[in-house]
Amino acid sequence: MKVIDLTKESFTERVSDFRQYPDGWEFKGDKPCIVDFHAPWCIYCKRLSPVLDELAVEYAGKIDFYKVDVDNEPLLESAFSIRTIPNLLFCPMEGKSWMKLGTVGKPQLKKMLDDMLAGVTE
């Protein structure tokens, strides 16, 4: 599995109708997902990207990994009030989604993913 780029259209198909966030949020995925809001010029995003690529392989079939280029998708950036990147959106199968700002190390990110799979939310 690899990290999949999303547009506003594919985000609506695979994740949720972003215009309803956070009220009326209805997750559409068939497994939990993580969405990386990033920009290609962002140094911190470039550091996080290979970690997400590795985790997408490690968690294949358990968690979907997506990314959104905020420069190309200003409506998604605005809908989620993205002011700092990277910014990760965690979407469990049940319960509330949550955001994590800034860079995250692989061990911390793995713990967050394992917690999400176990049904633990922040």
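Residues numbered from 1 in each chain as written. Predicted model: local features only at pLDDT ≥ 70, side-chain atom pairs only at ≥ 80, totals over all residues. Heavy atoms only, no water.

The protein carries the name Thioredoxin in an unreviewed UniProt entry, which gives Bacteroides nordii CL02T12C05 as its organism.

Considerations on the packing of aromatic side chains
By convention here, two paired aromatic rings are described through the distance between centres and the angle between planes. What counts, and what does not: Under the pairing criterion, centres of Phe, Tyr and Trp rings, with the six-membered ring standing for Trp, must be within 6.5 Å; the plane angle then separates stacked pairs below 30 degrees from edge-to-face pairs above 60, leaving the rest tilted. Here's how the labels work: a residue is buried when its accessible area is under 20% of the maximum for its type, exposed when over 50%, partly exposed in between, all with a 1.4 Å probe on protein chains only. By definition here, charges over rings are those cases where NZ of Lys or CZ of Arg is within 6 Å of the ring centre and within 35 degrees of the ring normal.
By the definition in use, this model includes 4 aromatic pairs. Aromatic pair Phe-90 and Trp-98: ring centres 5.1 Å apart, planes at 5°, arrangement stacked. The two residues Phe-90 and Trp-98 agree in class, both being buried. Connected via pairs of aromatic rings, a cluster forms that spans Phe-11, Phe-18, Phe-37 and Phe-80. If you follow Arg-19 out to its NZ or CZ, it ends over the ring of Phe-18, 5.7 Å from the centre.

Remarks on helix H2 (residues 43-58)
The condition that has to hold: Working definition: helices are DSSP H or I runs of at least four residues, strands are E runs of at least two. Numbering for both runs from the N terminus. Expected span of a helix, by definition, is 1.5 Å for each gap between consecutive residues, and there is one gap fewer than residues. A contact between two residues is defined here by any heavy atoms of the two lying within 4.5 Å.
For H2, with 16 residues, the first-to-last C-alpha span of 24 Å sits near the 22 Å given by 1.5 Å per residue. Along H2, the residues classified as buried are Cys-45, Leu-48, Val-51, Leu-52, Leu-55 and Ala-56. Buried positions along H2 lie against strand S2 (33-38), strand S3 (64-69), strand S4 (87-91) and helix H4 (106-117).

With respect to the sheet that holds strand S1 (residues 4-5)
Note the threshold: At least two DSSP bridges between two strands are needed for those strands to be called paired. Axis angles are defined between N-to-C directions and span 0 to 180 degrees, where every axis is a line fitted to C-alpha atoms and, for a helix, only to the segment in contact.
Here we have 5 strands laid out as an open sheet, ordered S1-S3-S2-S4-S5, and mixed in their pairing. Pairing within the sheet leaves two strands with one partner each, and these edge strands are S1 and strand S5 (98-101). As defined by bridge partners, S2 adjoins S3 across 6 bridges and the pair is classed as parallel. From the neighbouring strand, His-38 faces S3, where its bridge partner is Asp-69. Packed on one face of the sheet, H2 meets S2, S3 and S4 and runs near 160° to S2. Here H4 sits on the sheet and contacts S2, S3, S4 and S5; the angle it forms with S4, its principal contact strand, is near 20°.

Observations concerning the packing of H2 against H4
Short version of the rule: Working rule for angles: under 35 degrees goes down as roughly parallel, over 145 as roughly antiparallel, 65 to 115 as roughly perpendicular, anything else as oblique. In this scheme the handedness of a crossing depends on how the near helix is turned from the far one: anticlockwise by less than a right angle means left-handed, clockwise means right-handed.
At a minimum axis distance of 11 Å, the contact between H2 and H4 shows a crossing angle of 40°. As far as their axial angle goes, H4 and H2 are oblique. Crossing geometry of H2 relative to H4 is assigned as right-handed. Contacts from Leu-48, Val-51, Leu-52, Glu-54, Leu-55 and Glu-58 of H2 reach H4 at Lys-106, Leu-109, Lys-110 and Leu-113.

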